[in-house]
Every structure is written in structure tokens, then in C-alpha cells.
Amino acid sequence: MIDFGFKISPSSAINMDNADLSLYEKVREIEPDISKCIACGSCSATCPAGRFSGMSVRKCILDLQRGKKNEVKKMLSCCMLCGKCTMVCPRGINTRHLILSICKLYKED
Amino acid sequence: MIYQGKQKIWADYQKEIPDDRWYYVRSCIRQNFFPGAEKMFMEICRNVLKKDFYESASHTTCGGIAYHCDTIPQETVMTIVARQFALMTEAGYENYVASCITSFGNYIEILETWNEFPELEAKIREMLWKACRREFNKPKYVAHASDLIYKYRNLIAERAKYRLINKNTGEPLKVVEHIGCHYSKMFPSKGVGGAEYPYVLCGMVEAWGGNVIDYPERRHCCGYGFRQYHIKANRGYSISNTHKKFESMEPYHPDMIITNCPGCPYFMDRWQYAIAEMEGKTYGENGYGIPVFTYEEVAGLVLGYDPWDLGLQLHQVAVEPLLDKMGIEYDPKRKYEGLNHKDLLKPELPGVLRCC
Amino acid sequence: MKENILIIGGGIAGLEAAAQLFRLGYNPIIVEKEDHLGGHVAGWNRLFPDMSPAEDLVARLTEAAGEANIFLNTRIAFVNKLKDSYNIMLTNGISVITRILLFATGFSLFDASKKEEYGYGVYDKVMTNRDLENWFNTGQDERIPEEGPRAMGFVHCVGSRDEKAKNPQCSKVCCITAVKQAIEMKQKFPDAMVYCFYMDLRMFGKKYEDFYISAQRDYGVRFIRGRVSEVSENIEGNLVVKAEDTLSGKPIKVTLDLLVLMSGIVCNQEICKSAAQLSLPMDSDGFLKSRDNVADIIESPKEGIFYAGACTGPKTVPETLAEARSAALEIHNYIISSRK
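Residues numbered from 1 in each chain as written. Chains lettered and ligands numbered in written order. Predicted model: local features only at pLDDT ≥ 70, side-chain atom pairs only at ≥ 80, totals over all residues. Heavy atoms only, no water.

Asks: Sorry, what's going on with the packing of aromatic side chains here?
Replies: Geometry of an aromatic ring pair is reported as the spacing of the ring centres plus the angle between the planes. Residue and element names in this part refer to chain B. Evaluated as defined, the whole model comprises 38 aromatic pairs over all chains. When the centroid spacing of 5.7 Å and the interplanar angle of 80° are considered together, the rings of Y150 and Y199 count as edge-to-face. Pair noted here: Y150 is in helix α8 (residues 145-151) and Y199 is in the loop between α10 (181-184) and α11 (200-207), with a separation of 49 residues, a long-range link. Each member of the pair, Y150 as well as Y199, carries the same accessibility label: buried. (Phe/Tyr/Trp six-rings, centres within 6.5 Å; stacked < 30°, edge-to-face > 60°. Helix = DSSP H or I, 4+ residues; strand = E, 2+ residues; numbered from the N terminus. Buried < 20%, exposed > 50% of the residue type's maximum accessible area, 1.4 Å probe, protein only.)

Given below as C-alpha cells:
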């Protein structure tokens, strides 16, 4: 084995064939409205924690849909549960409740 | 895969390729990478098929590498190309054939640009005159050298000593074809078969008895891509692309790869060694790699030329397993013997990739 | 004698206009190039938003237009302009003298094989929206196994909003059709994973957004915002589909065993010839040019020539029917005012 000073980097593409969506499916069972997200970004735009911590409900939902569990956990830990995102969601998703449900599932994990 | 569907697309992208009287220009790098390839092209066209192919020692680079690396302005590239056309005009030819894919793309792009912006062409004519007192006619036809071998594929098949068939099983060899990006991605109508399903190499493989493999990453870049490789820090990007292709073709167990670009065969050949060293992985049978060839080398093999006269000893991946499959006779002792019969010395063998 | 009105096209626009004109006391004559009435709708299975059978609509319209003169398998051979009318020679040898022509010539479905990168006609498991509707109707298609696909996708905007395909216009109905078809596939095969690859979802019509919400919430259809860039076939004969997941800014790929291309609505090339014979102008989008795209969409710039339906641009079924009625009324008014 030789060190050439550069490496084969893994593909950055999302491969849906082996994305682990088990957590997303569990969330869907208790919070079916999560699927209604249209990624408009209102929740993230209004989030008081977002601009300091990177918290974004939109991204949390997307990451769950792409099987990226770790990123979600990190973001959710920054939520202050103020509920502003719930107020602005045009699809009527109870995002505050959703966040709590996801946290609960993480604890069970 | 619906073969007739591909045939329908191929029929839509047929370009006119005159049969004879061509002005040939070489590639900057191919003679170092695959020294037998261009020699074989001239040998086949001139001596086997008795066609009129002219070349001039005065021609230079087309400027394509510098252009794609963003180191010279477009007007400079155009003036270099204008000089090449002037040499063709002075030699009395109208058909221009390039050995290099990037040159071919470069010529097509420049001619198309001049069509759109005639004032630019006038400016380049003036610059060429000021620089070296030359004038030029635009070529009537521009082809890539693989277009010619494609055109002559059946003539070559008629004279073939070997076919792309596994002599032990009688089965056609499984051949991966790889087309250089600049062949038809910029101008699909200028390539035989278009850009999504190019036919130029498929046609040769079919005419010489092989089976073409169509694998998911067939259209993906070989990993060269000029800037990506020339900057050392980016080489990981280059090899990752090559790795992606090999991972994708692996399940098909290809016997060989045929290419029509200067960079592609080089990178697909050499990176197999680097991947083997990095990942411990090889893609051919019994620890060997998958041999990679230029189309001229394959034509040469089919016509029965000696593998060592084709320069196949300069490949990283050993070609012997393929030669054995095709039943091609060769003398292992001659592999590292120079043209003057002096011993060129055997290169050090790699640790992981099996070589002969 | 009743006044002749020549209607070119026996699709839903032609049928509806014929029925209305007949009721208004005229003699509508339908010329249809195919061997059946109902046009594209006749090949469809169920219609959004109420999932009503397309067959029923076509049957109802055909019955209502039953007393019109209908020539199937017939085209216009040539047109002679007389002093204040047209002498129109049909390919069946009949000639019609009329003051009034109604173009109800509809659209063509974009030829999906032109988007070579999607492999329609090259890869075994790629079909179009029309092929899928045909399967809903007949159950016959080798591309769909009895147990259904394991994972399938819909590609929105195939030949729509595509300057390279020379169709910059939005075809309007494909977004909702894809969502409708995705739901129908989920109803048939609940275990199948269904993806929709879209650029925008244009859910403008009545109850369309409800369909979208239901597809997301009740059926778990996976919407991916990104246009499919390339399709290829793997060693098992399944499709590897590449796109960008623009919401996460990363490339995305997925292996599918069925891909449905939402072929768009393009102008009917065949009518260009008839239009040229009558010196009718084409609009910049390639469809027939109306006198005014806001107030007079059903009128041509030429006296006595009217339009209804998708010949002037992509339309939904209710829009087409409304235009057909409106054209009938406009023709009626034209005739009355010309008698004065």
C-alpha cells in the first residue's frame, strides 16, 4: 500500500437505495403531517435559534427523509421550543409537537 | 436494453466522412502515453488501406490543453488553429483529421464560433497574417481519427487476423467503450451516434466480433479533466471518478476497454494501479486489471500486428491475459526489447496489481 | 338550409362544440384523422380531480354530438378560398362549402425518445404517462410486473419548460397527472416506493393542491425537487436514476424498476399545414395564434375561423370544454351579426 498524498473520496451523492428511513417512518406513524412539508422554509426563516445554531425544522425533516439521523439530532438540541415555526407553517404542521416527538424517539433509540 | 432503440438514435446521428485525402494532425500527449497508436493509424490508413493521408512536421499543438486549463485567451487558441488550417491549405487538402479528442472538440468549437461571429474569424485571419504571413481555407470536413477507423471498420474486419472473440469459449469478448468528453458532448451532431449513445467505438467493436457492455456509469468522465489532475491537491477527485466507473463496470466482468481520447486510456490504465495500491482492489481476473486500449491499438491487434510493435508494453495493466484470450501470438521475451533489440530493462512490478 | 360549420378534430373540444352548434340550429361537420372520437382523452383512464372515468366523458360527449356529420379517418386535403367562404376538399373525396371553420385540432404528446438521456425506447423499464394510462385501461404492458414495481419514479416536465427540446412552455397538466398517477399506483401497490422528480409543482386547478397533500400525507409519495439528469440501466435491467436533490444541495441517485416520463403538450405539427393554407399565424410558442390572448383566445385573426382547446396552448379538460362552448356561442353571434 502506498500513500500518494491524495485519496479516493466517497461519493457525496445521496443514495436512496440504502438510505435508512426507519426513523422517518416511525415519526410518520405518530406525526403523519410531517410528510406535508413543502420545504418553503418559513419555519427556518423565523426560528430565533436558527441564525446562531444552524437549527432548521425544514432541514430536520429533509434529513430524516434522506436517512441522515445524526445531523437531525444535533440541530434539534438547539431548539428552544418557542413555537414560532408552528405559527408560520402554511401546511399547518404542528412543528413544535413534531420536534418533541422526534426527540422522544431519539431517547427511545 | 432495447438494441433497436439505440439503432434509431444512431441513425439520427450519422455524419458525412469522406473516404480519402485527409490532412492528419497528431496529439501533444498521445505519443508519450501510447506511442504505437498514432503510428498504427497511419500504417492502417496509408499502407493497409492505401489512402492518401498527409502530415506535416510543421504543425503544433492546437492549444486545447492550455485553453481548457484557462491559461491562454481564446483568440490565441484560434490563431494557433488558424495556422494549422493554413498548413492544410498549403498542402492542398480540404479534409482535416485530428488524433486528439480535445483538438477535435477545439476545432469544431472554433469553426462553430466563427460561423456565429464572422467578425471574429476576420480578426483571427488578420492576426495570423500579422504573426506569420499565412492564409487559410476552412476545412470542408473535420473528423476525429476514430471516425475514420469507424468508417474503415468493415475493411479492417475483412483483413482481420484475429477477432474480439474468446478463443477458448468462442464467446464474443465483453468490451467497455469509453468516449472522450470533447468528442460529442459539446456538439452532439458532430459525433457518430450522438452524445448519449455514441456509436463510433461500438461500431468497431461490433464489426470486429466483440460485445459492447453498457453499464450505469458509461457516460461518466474517465477522471482526467485537465485541471482536476494537473493540480496535485485535486488528484483525489480525479481518481474518485475513475474508481466510480470501475465499480460500476465491475459486475459485467469486462475483458477489455476501448477508448478514443488521449487522456481516458491513460487514466483508466494508470489509476487501476493506484486504486490497487490504495484499496487493495483489482478489477480483472486473477488479480490483473482490465486492459485499456486505444482504438488504433485494437485495430492493430485485430490486423495481426505484433503487440510489442504496438507499444503495448507501455501499458500499466498487463495486456497478456487479453492476448491469450484472443489467441494472439507474442514473444514474452521481446516485451522489453527496444527497436534496436537492446534490453530496455524490466520495470519494477507493483505490489498489488498483478502484471507480467 | 342549415349553415355548415366545419370542425377540424373530433376530440373533446370538437365534440362539445358540435353538440352546442347542433343545438343552436346549425349543421356541424366533424373531420377526425383517427378512427375514433375523443382524441387523447379517449386513451386516458380516469380524470382529475374527481377520478371520473375518461370513457364516460367521451361517451357522453359523443352521444351529445351524435347528430353532427362525423367523418373518421379523414383529413383536409386542400382548401380553396372562395369569395366569402371556403371550399374544403377532404381526403375521403367529399367537399364542403362553409363560411366557418373551427380548429379543435388539439395537441401532440411530446415524443419522449427525443430526451435521449432518459432512454425511452432504449431502456426496458421506461414508459410515458400515456403508456401508464393505457395500462390502467388494458392491464397490458410488459414493463409492469403483476406484483407491481418495487420502486418507481415519475419525471415531471419531459419536453416541457425545455428550451433545448424547443418547448419552453409549461404543459400545465403533467404535474397533477403525475400526482394522480402516483396515487393510483400507490393504491394498486401500497408497498411500492414512489418518487416524483419535479422542478416546481404547479398545482393551480380546483382540488389539485388537495391531491398533492394527499399524495404526501396519505400515500407517502416521495417528492424530490430536482430534474432527472440521466437514466441508465444496471446489470439486473433496473434503472439508475440521477438528479440533484436541490433542497439538500447534493446529487441524489436511486435504483428503480419503473420510470414514467411525463411527456408534455406540444403543438400539433400536422395542423401547421392546414393553418398555412389558410395563412393563419402561429404564436411564438408554436401554437395557433389567437386574435388576443386575453379577451379573444377562441378567435383567429381571420374572419370566420375560430379555435377551441389545446390548439392554442396546453389546456385542462374543463378549460377545453369551456372554450368549446364559448366558441360555439361566438360562432352563433358571428352568424347572426353577418345576417343583419
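Asks: I tried to follow the sheet that holds strand β2 (residues 53-54) of chain B on my own but got confused; where do I start?
Replies: In any sheet, the strands associate via hydrogen bonds between backbone groups, in a parallel or an antiparallel arrangement. All names here are of chain B. Strand order in the open sheet formed by 4 strands is β2-β1-β3-β4, with parallel pairing between adjacent strands. The open sheet has two edge strands, β2 and β4 (141-144), and neither has a second partner. As judged from the 3 bridges shared by strand β1 (residues 22-25) and strand β3 (residues 95-98), these two strands associate in the parallel manner. When the sheet's bridge partners are listed, Y24 is paired in β3 with V97. Against the sheet, helix α6 (residues 101-116) engages β1, β3 and β4, with an angle of about 155° to β4. (Pairing = 2+ DSSP bridges. Contact = heavy atoms within 4.5 Å. Axes fitted to C-alpha atoms, helices over the stretch in contact; angles between N-to-C directions.)

Asks: Quick question: what am I supposed to make of the interface of chain C and chain B here?
Replies: By a widely used convention, the size of an interface equals the accessible area lost when the partners come together. In this complex, chain C contributes 16 residues to the contact, which on the side of chain B involves 19 residues. Buried surface at the junction of chain C and chain B, both sides included, amounts to about 1500 Å², of which 48% is carbon and sulfur. Of all residues in chain C, C:E116, C:V122 and C:I235 bury the most surface against chain B, accounting for 41% of the area lost on that side. Where chain C packs against chain B, one counts 2 salt bridges. Where the side of chain C that touches chain B is concerned, the elements lending two or more residues are β15 (230-233) and β16 (239-245) of chain C. Here the side of chain C that touches chain B takes 4 residues from β15(C), the largest share from any one element. Of the residues that constitute the side of chain C that touches chain B, the class distribution is 5 nonpolar, 5 polar and 6 charged. (Buried area = accessible area lost by both parts, 1.4 Å probe. Salt bridge = Lys/Arg side-chain N within 4 Å of Asp/Glu carboxyl O. Nonpolar A, V, L, I, M, F, W, Y, C, P; charged D, E, K, R; others polar.)

Asks: What exactly am I supposed to notice about the confidence of the model for chain A here?
Replies: Detailed conclusions should not be drawn from predicted coordinates in areas where pLDDT is low. Summarising the model, chain A shows a mean pLDDT of 94, and 100% of its residues fall at 70 or more. Averaged over each element, pLDDT in chain A is lowest for helix α3 (residues 50-53) of chain A (90) and highest for helix α4 (residues 57-65) of chain A (97). (pLDDT = per-residue confidence, 0-100.)

Asks: Help me understand the state of the cysteines, please; the structure alone is not making it clear to me.
Replies: Covalently bonding the sulfur atom of one cysteine to the sulfur atom of another cysteine gives a disulfide. Evaluation of the coordinates by the stated rule reveals 0 disulfides over all chains. No disulfide involves A:C82; its nearest neighbouring cysteine sulfur is the one of A:C85, lying 6.2 Å away. (Disulfide = S-S within 2.5 Å.)

Asks: Mind showing me how you'd approach the domain arrangement of chain C here?
Replies: All names here are of chain C. Segmentation of chain C into domains returns domain 1 (4-106 + 268-339) and domain 2 (112-265). Taking only C-alpha atoms, the centre of domain 1 and the centre of domain 2 are 32 Å apart. Taken together, the contact pairs 15 residues of domain 1 with 22 residues of domain 2. With both chains or domains summed, domain 1 and domain 2 bury close to 1600 Å², and 61% of this area falls on carbon and sulfur atoms. For the domain 1 face of the interface with domain 2, the top three residues by lost area are W44, F48 and P314, together amounting to 38%. Run the count over domain 1 and domain 2 and you get 3 salt bridges. (Domains from an automatic or database assignment.)

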